[in-house]
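The residues making up each chain are set out below.
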Amino acid sequence: TTIYDLTGRVHGPEDTQDAVFEEVRPLLTSLLDGYNVCIVAYGQTGSGKTHTMIGSLAEEPVNPEDAPLQGIIPKAAAELFRLISEKPAESHVVEVSVVEVYNNEVFDLLSRDSEGAAVGTKRDVITTSTGTSEVTSLTYEMVQSPAEVMQHISSVLHLRARSSTLIHRDSSRSHLIVTLTVTSKSPSAVALGETDRLVSPRGSQKEWWSPRCRRATVSRAASPACSPYHSPSHSPCPSPRPSITQAPMRTKLQLVDLAGSECVGVSGVTGPALWETSCINRSLSALSDVLGALAEQRPHVPFRNSKLTHLLQDSIGGDAKLLVMLCVSPSQRFLTETLQTLGFGARARQVHRPPPRRKNAALKLK
């Protein structure tokens, strides 16, 4: 397997998983800076996408001694928690969700039945009032370590649709999307200047008041204190304006192991597997159309043409950061598939983002 990433680096069969992950590591810092991040493995069936994203020990517990064999997903989880450990205690909450897109339908793999067994429950993708995409009733599991992340993923990998083809005896027939959602707690209030103060009344609602208020200034002559009022409820000029705080910031790291593109004449599939191939190729074509629209800066981007692109809308549109890993076979037999994969990569590389805006920029007071 040869891997091309869209930073211009080519990884040959001799490169280690660690070398591949070095191309990914800088993006995780952007995640904590307020950007959604998406890492996608694209390529034909059997080209090494699952090995790249999950690793050789996909369905086994993660052990430290197995680190060289781990793929991008376990390494990204470990790096994310390392970065969080350098932040103030309890300032971030991490949740994991695992979704499969099979035959253009979305399945929540972490959902449980009445007996607690993992089942793939069908969900829908909607666009919220804020313009973001969301999976209805999606199961989120709170995690506190990379080991917990991989335990959740490993426990449901057996639910992923697979089938045997002439190219690969255990071909994945669905797109697997692992999402790590990071919620950063907001500060209690924005620091004020030397004269304005923020005071807490008896309730939880905070109000602004200022000793520069004319009525407060009149009363100040009778008191040497900066202001004679210790609470906005007693202030002659309380303000109904709530305190200026920042809502919790939520960012998503979406790690995507796409189903392999394939030619029916080469894979030899028939019956239900033929329909699976049709759905796979159409969703990959929809992803290519989205990237093409972004590259050409069209006013309309067809995110809703596929459940896959609708689900990934927040992580490939706007000012999100996207990294595509192209996996190709070195065999001459698959030259056509390799050229198609590289063509997809060329289209993705033409996407130019507008200047990014940090979502957690400090609020400026006039």
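Note that the structure is predicted; figures quoted are calculated from it, not measured.

A. Just the overall build of the protein chain, in detail. What the protein chain contains, in helices and strands, is 11 helices and 16 strands. For the protein chain, with 366 residues in total, the buried portion stands at 48%. When the accessible surface of the protein chain is totalled, it reaches about 18,300 Å², and 53% of it is carbon and sulfur.

B. Structural context of helix H4 (residues 72-85). With 14 residues, H4 ought to run about 20 Å at 1.5 Å a step, and its terminal C-alpha atoms sit 20 Å apart, in line with that. For H4, a buried count of 11 out of 14 residues is recorded, marking the element as mostly surrounded by other parts of the structure. Taken together, the buried positions of H4 are occupied by Ile 72, Ile 73, Pro 74, Lys 75, Ala 76, Ala 77, Glu 79, Leu 80, Phe 81, Leu 83 and Ile 84.

C. Quick peek at the nonpolar core. Membership of the largest hydrophobic core comes to 41 residues, with the highest contact counts inside it found for Ile 39 and Leu 253. Broken down by element, this core gets its largest block of residues, 8 residues, from H4. What Ile 39 contacts, discounting residues up to four positions off in sequence, is Val 24, Leu 27, Met 53, Ile 72, Leu 253, Gln 254, Leu 255, Val 256, Leu 323 and Met 325. Judged by nonpolar contacts, the second largest core, of 32 residues, contains Cys 38, Val 40, Leu 284 and Phe 303.

D. Fine view of the packing of aromatic side chains. For the structure on display, the rule yields 1 aromatic pair. Judged by centre distance (3.8 Å) and plane angle (0°), the ring pair of Tyr 42 and Phe 344 falls under stacked. In this pair, Tyr 42 is assigned in strand S3 (residues 37-43) and Phe 344 in helix H11 (residues 335-349), connecting sequence segments 302 residues apart. Residue classification places Phe 344 among the buried positions, given a relative accessible area of 4%. We note Lys 321 situated over the ring of Tyr 35; from NZ or CZ to the ring centre the distance is 4.7 Å.

E. Summary view of the UniProt feature "binding site: ATP" (unreviewed entry) in the protein chain. Mapped onto this structure's residue numbering, the UniProt feature "binding site: ATP" (unreviewed entry) falls at Gly 43, Gln 44, Thr 45, Gly 46, Ser 47, Gly 48, Lys 49 and Thr 50. Position of Gln 44 among the secondary structure elements: in the loop between S3 and helix H3 (49-53). Its relative accessible area of 3% is what places Gln 44 among the buried residues. Among all residues touching Gln 44, those that are not within four sequence positions of it are Lys 49, Ile 167, Gly 260, Ser 261, Cys 327, Ser 329, Phe 334, Glu 337 and Thr 341. Tracing the chain through its elements places Lys 49 in helix H3. Given a relative accessible area of 7%, Lys 49 falls into the buried group. The contacts of Lys 49, once residues within four sequence positions are left out, are Ala 41, Tyr 42, Gly 43, Gln 44, Asp 257, Leu 258, Ala 259, Gly 260 and Cys 327.

The rules behind the values
- Residues numbered from 1 in each chain as written.
- Predicted model: local features only at pLDDT ≥ 70, side-chain atom pairs only at ≥ 80, totals over all residues.
- Heavy atoms only, no water.
- Helix = DSSP H or I, 4+ residues; strand = E, 2+ residues; numbered from the N terminus.
- Buried < 20%, exposed > 50% of the residue type's maximum accessible area, 1.4 Å probe, protein only.
- Areas by Shrake-Rupley, 256 points an atom, 1.4 Å probe, with all protein chains shown as cover.
- Expected span 1.5 Å × (residues − 1).
- Core = buried A, V, L, I, M, F, W, Y, C linked by side-chain atoms within 4.5 Å.
- Contact = heavy atoms within 4.5 Å.
- Phe/Tyr/Trp six-rings, centres within 6.5 Å; stacked < 30°, edge-to-face > 60°.
- Lys NZ or Arg CZ within 6 Å of the ring centre and 35° of its normal.
- UniProt positions renumbered as here; feature names shortened; annotations may be inferred.

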